[in-house]
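Letter by letter, the chains look like this.
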Amino acid sequence: MIGNAHIDAVWLWPWQEGYQEARATFRAALQRIDEYPDFVFTCDSVGYLAWIEEHDPELFAALREQVRAGRFEIVGGWWVEPDCNIPGGEGFVRHALYSQRFLADRFGMMASVGCNVDPFGQNATIPQLLAKSGMDSYVFMRPQAHEAELPGPTFWWQAADGSRVLTYRIPHEYCSPRGHLGVHVGKALAQLPHTTDPLMCFYGVGNHGGGPTRANIDSIHELDTTDQFPRMLFSTVRAFFDAARDTGRDLPGYAGEIQPHGVGCYSAHSGIKKLIRHTEHALQAAEKWVAVASAVSGVPRATDQLEHAWRQVLLNHFHDTAAGTALPSGYDDARDQLGEARSIAARLQNQAIQSISRQIAIPDETQTAPLAVFNPHPWAVRTTVEVEFGGQLGDGGIVAVDDAENRTPVQVARSTTLTGGRRRLVVPVELPPLGYRLYRLYPDHAAPAAPVTDADPVLENEHLRAVVDPETGWLASLLCKATNVDLVDGDAAGAGHAVVLNDPTDTWGHGVVSYRDVIGRFTPASIRRVEDGPVRQVLRVRSTYGASTLTEEFVLAAGARHLEVRVTIDWHERLRMLKLRFPTGLTDVTATHSIPYGHIERAVGGHETVSHTWVDVSGALAGQRAGLSVLNDAKFGVDVTGGEIGITALRSPAYAWHTPLPLPADGEYEVMDQGVQRFTYRLLPHAGDWRAAGTVRAAAELDQQPVALLESYHDGPLPQHGSFAAVSDADNVVVTVVKQAEDSADHYVVRGYETAGAAARATIDLPFLGRTVTAEFGPHEIKTLRVPRELAEPVVETDLLERPVTPPAEAAPPPHDPEDQPE
């Protein structure tokens, strides 16, 4: 019997109320501990302990005493119970990194059991994330037995890399009524097998905190003496898992994700989804530049500032916040908290980049504007950057010249401002890995003005040819020249690209399998070619539905292998959903979805699901293998039907509405996603499958884009291009993190993961440290390396907590061979 109190930091109340409730709940738990010598309390969510420490030191000291006494168990090892699908892979890592370090510092222990009782689904990478952060077991509740079949309540859950944790699904409920527990325990037992093996039942008033009541505890004592119930023990989650192992039974195995519960929550409240993703990537980019600049420029250590910023992100990973299922004011708070985190990231990144840029040797030239462009990825990137410019280069053409005297035309676009004679420059750049290149901008009086032909619906470069149908406002053709395959299914395209669906379901989308009730579609009001130059072509399509408008700008850059679409929606519909559909003519389709630090294949039956930064369909078309990856920077809800991808752009249910409660009959309630929102997606056609197309890196380039900085003239020791980190010999290894170590100014941390499901040997060059590292990655493996600045010290592999990994020869054998587990 696990006494607990689930605390929703934010749900139907703001975080300030959750803050107080954590204090009240823990005080009540200490009272029960004093009153009942056999009672034990279990707590998860390390962030709540941090709240107590910062405002009630006496209570914190009392909690620490009971932890040492074994009466107050800490599980979870994460900052809060996050949505377990929406955070990025690195977001999950930071939950463990900062939480486990907090526990070790304040309590002299770390959590060994992961715990997420309330989140709405479990991604397939979780066992690896837990196993590499000191946790060997996991307890959860959703999805429940009627939503997802599992081999038993207790089982080995295995990730794609082979990591596994002993896992238990809570029966019935994680919280209980305030009174007698006979009915509560009976319902739990009804969902459990008849066995002599240990089983686990959670109890205690929850959601708004509270915890076990005296009536709860007294009823356990009573029920334990009756023949109608099994032996009932006040215990800990750790003790349960130890007992489950001690049975010696060959427990069943399960591999893959555990989904779904409420599929609508992956598209509820577009704003929080975008803020979370953009803030995560802003912090990761800032960390890279701070790490580099600490060695190159001597900028001060910033780990404390970055941890504070990450803690704000982790708080807003909380499942009701991230899932869009909280009260409206909760998103005002989330905006402010994530805004603070983004501000910290922007300030630190700017400081670091400018400390590097000021050292670049830039000779004084008349009629020249220096432009330094910084690439955050440890691989070479070819792209375009946009710069608002008001320099004295005249009103004519402009050319960019790099350090090798290569000349490239610059395209001039309309400024985002209407005052001051400024222009927006579109500059094609080729950037070294995790490095920079200086471009010199000169007037180019010989460059003719590019004519713009409003009526031309064709966008074409050396790789792609796209044709927009004026009747539908969507693609009539998307030709990949490498394969000569046109991916667009003309028949399906006629059914509509931007379709509106009736969506009377609650905020979570409880009971929904798929969204299919199409009631209309956006129709084009205007199609206009707004740019047509040597750098890129831009076609703007404006469409309408009811009181709502949709603008999609199709952008095809010279040399690009993807077609970018910049979306602006002004939405004014209630209890409706907007899906953007991408029909292809592919058959024999395999659908692959990105998940945190990994990917997974799913069925193509049209079920609503959750994807991260990309989803791909690959199959057969015109007698050859082909496919389409759709990348995006802000969306999570998706479905795949045959060869057609559907991205859920938004939905507008009522806030925090949970069926079966009916909506107010007078219609006086607030709905989500009203007004203007913006996001970007990219269409990446390819031969073969997504691995050969470089889809994972292409998605990363959308999420973390280069930084362009207008510079001035100055001397300096740095050349006009440079690289600080690069990965070679393994295109399937993506390095996502280069940062300073948490506990040393002289050590750095490099983290990457294998993206294609194939073992790899990667060479990681770190010129800013004067080191080259060779690392072996297993299929799907997340690997972390600790790199000392001192060359005499060895590079060591660590876990996600930055602790050295025990050498294989010293590692204990696994309790059960993963190869014996059924998939």
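Here goes a summary of the coordinates provided.

About the criteria used
Residues numbered from 1 in each chain as written. Predicted model: local features only at pLDDT ≥ 70, side-chain atom pairs only at ≥ 80, totals over all residues. Heavy atoms only, no water. Phe/Tyr/Trp six-rings, centres within 6.5 Å; stacked < 30°, edge-to-face > 60°. Helix = DSSP H or I, 4+ residues; strand = E, 2+ residues; numbered from the N terminus. Buried < 20%, exposed > 50% of the residue type's maximum accessible area, 1.4 Å probe, protein only. Salt bridge = Lys/Arg side-chain N within 4 Å of Asp/Glu carboxyl O. Pairing = 2+ DSSP bridges. Axes fitted to C-alpha atoms, helices over the stretch in contact; angles between N-to-C directions. Core = buried A, V, L, I, M, F, W, Y, C linked by side-chain atoms within 4.5 Å. Contact = heavy atoms within 4.5 Å. Disulfide = S-S within 2.5 Å. Parallel < 35°, antiparallel > 145°, perpendicular 65-115°, else oblique. Left-handed = near helix turned anticlockwise from the far one by under 90°. Nonpolar A, V, L, I, M, F, W, Y, C, P; charged D, E, K, R; others polar.

Inspection of every chain in the model, using the stated rule, returns 30 aromatic pairs. With a centroid separation of 6.3 Å and 45° between ring planes, the pair formed by W15 and W51 is classed as tilted. With a gap of 36 residues between them, W15 in helix 1 (residues 15-35) and W51 in helix 2 (residues 46-55) connect regions that are remote in the sequence. For W15, a relative accessible area of 25% gives the class partly exposed. When its relative accessible area of 10% is taken as the criterion, W51 is described as buried. Their ring planes at 65° and their centres at 5.6 Å tell us that W474 and F582 sit as a pair that is edge-to-face. Linking W474 in strand 18 (residues 474-480) with F582 in strand 26 (residues 576-582), this pair joins segments that are 108 residues apart in sequence. Of the two residues, W474 and F582, both sit in the buried class.

So, about the pattern of salt bridges. One pass over the full model with this rule turns up 47 salt bridges. Salt-bridge contacts for E802 lead to K739; the nearest nitrogen and oxygen are separated by 2.7 Å. Taken as a pair, E802 in the segment after strand 43 (796-798) and K739 in strand 38 (residues 733-740) lie far apart in primary sequence, 63 residues in all. There is no split in this pair, since E802 and K739 are both buried. When salt bridges with common partners are traced through the structure, they connect E386, E388, R424, E531, R536, E564, R566 and R682 into a single cluster.

Quick look at the sheet that holds strand 37 (residues 726-728) now. Here we have three strands laid out as an open sheet, ordered 37-40-41, and antiparallel in their pairing. Each of the sheet's edge strands pairs with one partner strand only, and the pair in question is strand 37 and strand 41 (771-777). Ignoring which end each strand starts from, the neighbouring axes of this sheet average 25° apart. Pairing geometry for strand 40 (residues 760-766) and strand 41, over seven bridges, is antiparallel. Counted as the bridge partner of D765 is T772 from strand 41.

Below, the discussion takes up the sheet that holds strand 24 (residues 548-557). Hydrogen bonds between backbone groups are what pair the strands of a sheet, and the pairing can be parallel or antiparallel. The nine strands lie next to each other as 22-23-24-25-34-31-30-27-28, forming an open sheet whose pairing is antiparallel. Only two strands of the sheet have a single neighbouring strand rather than two, namely strand 22 (523-532) and strand 28 (598-602). Ignoring which end each strand starts from, the neighbouring axes of this sheet average 20° apart. The sheet contact formed by strand 24 and strand 25 (residues 563-571) spans seven bridges and is antiparallel. Residue V555 lies in a different strand from strand 25, and its bridge partner there is E564.

Among the nonpolar cores identified, the biggest contains 119 residues, and F26, Y48, L49, F72, I356 and L766 are the most heavily contacted of them. The biggest single contributor to this core is helix 12 (residues 328-357), with ten residues. Ignoring sequence-local partners within four residues, the contact set of F26 consists of F41, C43, Y48, L49, I52, L59, L63 and F72. L628, I645, A649 and L650 belong to the second-largest nonpolar core, a separate cluster that totals 46 residues.

Bringing the state of the cysteines into the picture now. Taken as a whole, this structure holds zero disulfides when the rule is applied. Between C175, a cysteine without a disulfide, and C201, which holds the nearest cysteine sulfur, the sulfur-to-sulfur distance is 11 Å. A relative accessible area of 15% places C175 in the buried class. Free of any disulfide, C265 has its nearest cysteine sulfur in C84, 11 Å distant. Judged by relative accessible area, which is 0%, C265 ranks as buried.

Quick look at the packing of helix 9 (residues 270-296) against helix 12 now. Contact geometry for helix 9 and helix 12: axes closest at 8 Å, N-to-C directions at 25°. The angle between helix 9 and helix 12 places the two elements in the roughly parallel class. Judged by the twist between their axes, the crossing of helix 9 over helix 12 is left-handed. A class-by-class count of the residues in the contact of helix 9 with helix 12 yields 20 nonpolar, four polar and two charged.

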